[in-house]
Amino acid sequence: DIGMENKGLVPELNPLIAQLELQTILFHNAVIGISDHDAKRQISTNTNHVAWLTGHLVSSRYFLANVLGLRVQEPFPELFAERKGIQKHADYPDQQALTKDWDTISDLLLAKIKMLTADALNEKLAFPVPTGDTIEALIAFIAHHEAYTIGQIGLYRRYFGYPGMKYA
């Protein structure tokens with residue numbers, strides 16, 4: 001049950017924790033049933049495909065986990081690390097491989113976020129993000145970025161004739 005376990009050390013962070021917990025579920029709801037063939041199709045040559053969007057979401061959670069000090073290795077750094085864009089001629093893994101680490105990294109990341117202190121949240125980043133230059137700003141940006149990316153997968157679902165993403 002989302003919302004019942006949102007007990008971070010810093011109560012002001014609880015809405016972001018709730019959003020990340022929701023997106024942990026919505027990720028599965030967005031990618032479920034999309035065939036490997038469709039996951040590698042693009043709407044145009046200027047767009048990302050579902051396989052890239054899927055891997056990028058997982059990579060982004062690994063990125064945040066590492067910034068927070070967890071020292072975890074993402075599964076496909078050659079395709080996604082350092083915020084790599086889609087590579088036109090790369091052979092992206094199948095959806096099962098791309099999604100398999102989502103729950104593991106999500107559990108580790110959310111547990112870490114719930115233990116962050118106010119001082120940790122106010123630590124300055126070596127790089128700014130659109131929401132600011134602190135750890136808290138990075139968490140907020142990643143939460144937004146995930147919603148944006150899951151929405152793109154939702155658009156692909158409808159474009160390819162799959163049922164819309166479910167919130168339940």
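Everything here concerns the structure above.
Residues numbered from 1 in each chain as written. Predicted model: local features only at pLDDT ≥ 70, side-chain atom pairs only at ≥ 80, totals over all residues. Heavy atoms only, no water.

Engineer: Sorry, what's going on with the side chain of His49 here?
Structural biologist: Here His49 is to be found in the loop between helix 2 (36-39) and helix 3 (50-67). Note on His49: relative accessible area 6%, which makes it buried. There is a polar contact of 3.0 Å between the side chain of His49 and the backbone nitrogen of Trp52. If we ignore the near neighbours within four places in the chain, the residues touching His49 are Ala39, Lys40, Arg41, Gln42, Ile86, Tyr92 and Tyr156. (Helix = DSSP H or I, 4+ residues; strand = E, 2+ residues; numbered from the N terminus. Buried < 20%, exposed > 50% of the residue type's maximum accessible area, 1.4 Å probe, protein only. Polar contact = N/O pair within 3.5 Å; in protein donor to acceptor, adjacent residues only side chain to side chain. Contact = heavy atoms within 4.5 Å.)

Engineer: When you look at the pairing of strand 1 (residues 124-129) in this model, what are you seeing that I'm missing?
Structural biologist: Within a regular strand, side chains alternate between the sheet's two faces. When strand 1 meets strand 2 (residues 132-134), the two strands line up antiparallel, connected through two bridges. Within strand 2, the residue paired with Lys124 across the bridge is Thr134. The antiparallel hairpin formed by strand 1 and strand 2 contains two residues in its connecting segment. (Pairing = 2+ DSSP bridges.)

Engineer: What is the right way to look at the environment of Leu125 in this model?
Structural biologist: Mapped onto the secondary structure, Leu125 falls in strand 1. For Leu125, a relative accessible area of 14% gives the class buried. For the pair Leu125 and Val67, spaced 58 residues apart in the sequence, the C-alpha separation amounts to 8.9 Å.

Note that every value here comes from positions in space, so none of it alone points to a role or purpose.
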